[in-house]
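# Descriptive structure summary
For reference, the chains in residue letters:
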Amino acid sequence: MSVLLAGITHAQTFEYKTITLEDYLQTVRQNNATIGSSELNVQTANANKVAQSLYRFAPSVSYARGSWYTEVPYAPYNSPPANTLSFNFTVEGWGKRDAREALADSQINSSKNQLELGKNNIETNALYAYIDTLRLALMLDSYKNALNKLSKVKANPKVADSLSFLNHYKSATEKDLMFSSAGLLNYSGNSLHDLPYPKGSLNFPIQKFNIDQLVEQAHANRVDVKSMQSSMDVADKNITLVEKNRNIDIFPYVALTRTPQYYEGGVSYNSQSAVSFGVTIPIPVDNYLQSADLVQAHNNKMQYQMHLRDLKVQIRVQVLQAMLQNDSARDALTTAQAEYNKTRKSPNSEAVQAIMDLRDKEGALIDAKTNYLKSVIYVWRQSGNYGVPSL
């Protein structure tokens, strides 16, 4: 299927390609850059855990040779240049490695929840865009069917006026459909090269909801709640790390010094080897003079706790608002369906008017079906249900 777009200075042909909702959403999941970036963040978090789980032994080797004298000192204090090789390492403070590893684990979980949050937002927006495009495709079919019926009616001025009216709105709908179909490409990366043409009927059964069950479900399943909880867990693990980081590291070392054989005053002195051990222990004066790092870590957690509290309060309101929208959309659908059925069963005696009336009622029914389906999805999302309706 192709369509010609003509402008003042150019004309371009676009190809349509039919795609089901399931195939379209799968394409979005696999190719959307935002989703792909979040998946990479999960990989980064996993790699970071490996790094954070390592003991920070920090070994180092140093070598020194000397001393050389610029002036020959008093003989008893004169010694040949010696070679000193030392090995230094770090012994981490108690609990630091375990705290880092626990924090890395919580960051992995947080990045996974962020992935799900971003993925569901993208998929929901793509789903709404697909439904809006499907509405236009069905509306275009409605105009075509009406035009086909009118073409079989004997020509007269009223038929001509009706044909002109329907052709005008058919042309406008074709442009709207092209615009909406092109918008579907915004979510699929560079994987789709033709304009997606949706497939479906928008027929969806009436749903029944219980607000208390929906609120309970939302508290348990909404990804923004899970994301907030995982962020709070990260903040909690960070408190532990900040506390453990106050434990001091110590820096042991072992050194081997070797003095070569030398002669002094006619006496031969054999080579000598000496081993020494030592340890450096820092004095954490700052830890006793300030607690800014602890205050900041605890405050970060408290901020997430306050946001989570408010989010759970907002959820009940959001679910209630979604249900109110759904109730209105359901009533409108019921009315539109009844009007359509009535017009179809009892058409106007005048053929042209009967065709135009049925087309109007069919258009209103398509709009009502669209609004009701979107309202159901909105209730689902507000209550933590991320399913995809069958079209």
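Just above, that's the structure.
Notes on the structure follow. The structure presented is a predicted model; accordingly, all values stated were derived computationally and were not measured.

Thresholds, definitions, all that
Once a new chain begins, its residue numbering starts again from 1 and follows that chain's sequence as written. Given that the model is predicted, a residue must reach a pLDDT of at least 70 before its local features are reported, and side-chain atom pairs must reach 80 or more before they are shown or counted; all residues, however, enter totals for whole chains, interfaces and linings. Processing note: side-chain calculations cover all non-hydrogen atoms of the structure and skip hydrogens and water entirely. By definition, any uninterrupted DSSP run of H or I lasting at least four residues is a helix, any uninterrupted run of E lasting at least two residues is a strand, and each is numbered from the N terminus. Note on method: radius of gyration uses C-alpha positions; expected globular size equals 2.2 Å times residues raised to 0.38. Exposure classes here rest on a 1.4 Å probe applied to the protein chains alone. A residue is buried below 20% of its type maximum, exposed above 50%, and partly exposed in between. One requirement defines pairing of two strands: DSSP has to find at least two bridges between them. In this description, a line fitted to the C-alpha atoms serves as the axis of each element, helices being fitted only across the stretch in contact, and the angle between N-to-C directions of two axes falls anywhere from 0 to 180 degrees. The criterion is simple. A nonpolar core is a set of buried Ala, Val, Leu, Ile, Met, Phe, Trp, Tyr and Cys residues joined through side-chain atoms within 4.5 Å. Any pair of residues with heavy atoms lying within 4.5 Å of one another is described as a contacting pair. Throughout, the term roughly parallel applies to angles under 35 degrees, roughly antiparallel to angles over 145, roughly perpendicular to angles from 65 to 115, and oblique to all others. Less than a right angle of anticlockwise turn of the near helix away from the far helix marks a crossing as left-handed, whereas a clockwise turn marks it as right-handed. All residues other than Ala, Val, Leu, Ile, Met, Phe, Trp, Tyr, Cys, Pro, Asp, Glu, Lys and Arg, Gly among them, are scored as polar; the first ten of these are nonpolar and the last four charged. Under this definition, polar contacts are N or O atom pairs within 3.5 Å; protein pairs additionally need one hydrogen-donor-capable and one acceptor-capable atom, and for neighbouring residues in sequence, both atoms have to be side-chain atoms.

### A few points about the overall build of the chain
A tally of helices and strands in the chain yields nine helices and nine strands. In summary, the chain has a C-alpha radius of gyration of 38 Å against a globular reference of 21 Å for 391 residues, an excess of more than 25%. For the chain, the spread of C-alpha atoms along the three principal axes comes to 135 × 55 × 30 Å. Here the chain holds 391 residues, and the buried ones make up 36% of them.

### Remarks on the sheet that holds strand 4 (residues 82–88)
Across the sheet, four strands lie side by side as 3-4-6-9; this open sheet has antiparallel pairing. One side of each edge strand has no neighbouring strand; the edge strands of this open sheet are strand 3 (60–66) and strand 9 (272–280). Between one strand axis and the next, the sheet turns by 15 degrees as a mean value, whatever way the strands run. Relative to strand 9, strand 6 (residues 251–259) runs antiparallel, the two sharing nine bridges. The partner of V254 across the bridge, within strand 9, is F277.

### Things to note about the nonpolar core
Y24, Y130, L166, L202 and L373 are the most contacted members of the largest nonpolar core, which has 44 residues in total. Elements with a minimum of two residues in this core: helix 1 (21–31), helix 2 (33–53), helix 3 (96–150), helix 4 (157–184), helix 8 (292–345) and helix 9 (351–382). It is helix 3 that provides the largest number of residues to this core, a total of 15 residues. Residues in contact with L373, not counting those within four places in the same chain, are I131, L202, F204, P389 and L391. If you look at the next biggest cluster of nonpolar residues, it comprises 13 residues, including A218, V319, A322 and M323.

### Topic: the packing of helix 3 against helix 6 (residues 223–244)
Relative orientation and spacing of two packed helices are given, respectively, by the angle between their axes and the distance between those axes. Running from N to C, helix 3 and helix 6 cross one another at 165 degrees; their axes reach a closest spacing of 8 Å. When the interaxial angle is binned, helix 3 and helix 6 end up roughly antiparallel. In this structure, helix 3 meets helix 6 at a crossing whose hand is left-handed. Considered class by class, the residues forming the contact of helix 3 with helix 6 number seven nonpolar, twelve polar and eight charged.

### Some words on unusual backbone geometry
Although it is not a glycine, A58 sits at a positive phi angle of roughly 45 degrees. Position of A58 among the secondary structure elements: in the loop between helix 2 and strand 3. According to the relative accessible area criterion, A58 is partly exposed, its value standing at 47%. Its identity as a non-glycine residue notwithstanding, L202 has a phi of 70 degrees, on the positive side. Tracing the sequence through the fold places L202 in the loop between strand 5 (195–198) and helix 5 (211–221).

### Considering the side chain of S142
Its place among the elements puts S142 in helix 3. The class for S142 is buried, based on a relative accessible area of 2%. Within the structure, S142 has its side chain in polar contact with the side chain of R359 (distance 3.1 Å).

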